[in-house]
Structure formats: C-alpha cells, structure tokens
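Listed below are the residues making up each chain.
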Amino acid sequence: MAEHRSMQRAALLDAARSLLSEGGTEALTFPALAERTGLARSSVYEYFRSRAAVVEELCEVDFPVWAAEVAAAMERAGTAEGKVEAYVRRQLALVGDRRHRAVVAISASELDAGAREKIRAAHGGLVAMIVEALEELGHEQPRLAAMLVQGVVDAAVRRIELGAAEDPTVVTDAAVAMALRGVNG
C-alpha cells in the first residue's frame, strides 16, 4: 500500500511539473492533476491539501536535484573563474528542463509564507555555492557579489523563457561575460 501511495504521489508531482511548465501556475489545478493522473479529484486531496502543498513538495524534490547539477558543473571547473562560469552556464542550460520550468513558474506565483520561505532557502543554498569561488577571486564582498551574479542569471533565465530575439547561446554568453567582467565585459 505504501509503495502504491508513493507511486501515485510521484505521478501527481510529475503531472504538476508538466502543468506548470506548459501553462504556468494557472494551469496547476486539482481537476487538471486528477485528469492527468487518472485519479478522482477527491483523491488528489488525499495527497495534497492545497496547490501550495504541491508547490512545496516540488521544491523539496526538484530544487536539490537542480542544485546538485550546478554544484557538479562547478566542481568540474579547474579555476575560481571557471566555477563562476559553470554556475551561470549550468543554470541557463537547465532552462528547458521541466523541473526548472516548474520552479520558475512556482517562483512567479502567489504562495503562502511557508512555500515562499522554502523557495528562498533553496535559492540561498544555490547562491552560497558561488561565494567561495568569488572569495578565491579576491572579491571584497563575495556574498553581495553572489547575489548580484544570481540576479544576472535570473535576468538571463527570464530573457530565454520569454523567447527573446537573441539565441539562448547569445544570452548565456552575455550573462557569463557580465558575471565575470561586469559591464566592462
């Protein structure tokens, strides 16, 4: 029975990812989850009490996987500068991934305080990854710089998600240049 419940929960989360990536937060409804999974609408409530609960669990499940991919890319880099570049490039490479698209849709939605705090904590962990590389580069304020680098990444993500006129590779290269060299790039 526990295995069946676990499989149903995983199916609901997978359906939620698809709905969020296809139609944003408006698409994430319990009737839509029920339809995607073949469950009765009332059964969805047995697994999640609200949309916010679905969002919280998606963050708990998906964000660590995404962060691990970024961390692995940074570990493969040989230099501090390479780590900064890997941090930016890997996040932007994940833009097309359903997990990432779901997290982007989630962060744009209206969530309860608990869900927002979990998202903030997860982003804080992501930003913390780059602080050491910025310290190695001799930055005087590595935590502030890390937040600003993440701001560049977030802006590039929005640009790519919008389907901007520039090719995603051009956006990624520009974001890397901004992160490494600032406006003098």
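Refer to the structure presented above.
Caption draft 1: Focus on the pattern of salt bridges. Taken as a whole and assessed by the stated rule, the structure comprises nine salt bridges. Its salt-bridge partner being R17, residue D14 comes within 3.7 Å of it at the nearest N-O pair. On the criterion of helical spacing, the pair formed by D14 and R17 is a turn pair, its members being three residues apart in helix α1 (residues 2-23). On the accessibility criterion, D14 (33% relative accessible area) is partly exposed. Among the residues examined, R17 registers a relative accessible area of 11% and is labelled buried. In this structure, the salt-bridge partner of E22 is R36, at a minimum N-O distance of 2.6 Å. One end of the pair, E22, is in helix α1; the other, R36, is in helix α2 (residues 30-37), and 14 residues separate them in sequence.

Parameters at a glance
- Residues numbered from 1 in each chain as written.
- Predicted model: local features only at pLDDT ≥ 70, side-chain atom pairs only at ≥ 80, totals over all residues.
- Heavy atoms only, no water.
- Salt bridge = Lys/Arg side-chain N within 4 Å of Asp/Glu carboxyl O.
- Helix = DSSP H or I, 4+ residues; strand = E, 2+ residues; numbered from the N terminus.
- Buried < 20%, exposed > 50% of the residue type's maximum accessible area, 1.4 Å probe, protein only.

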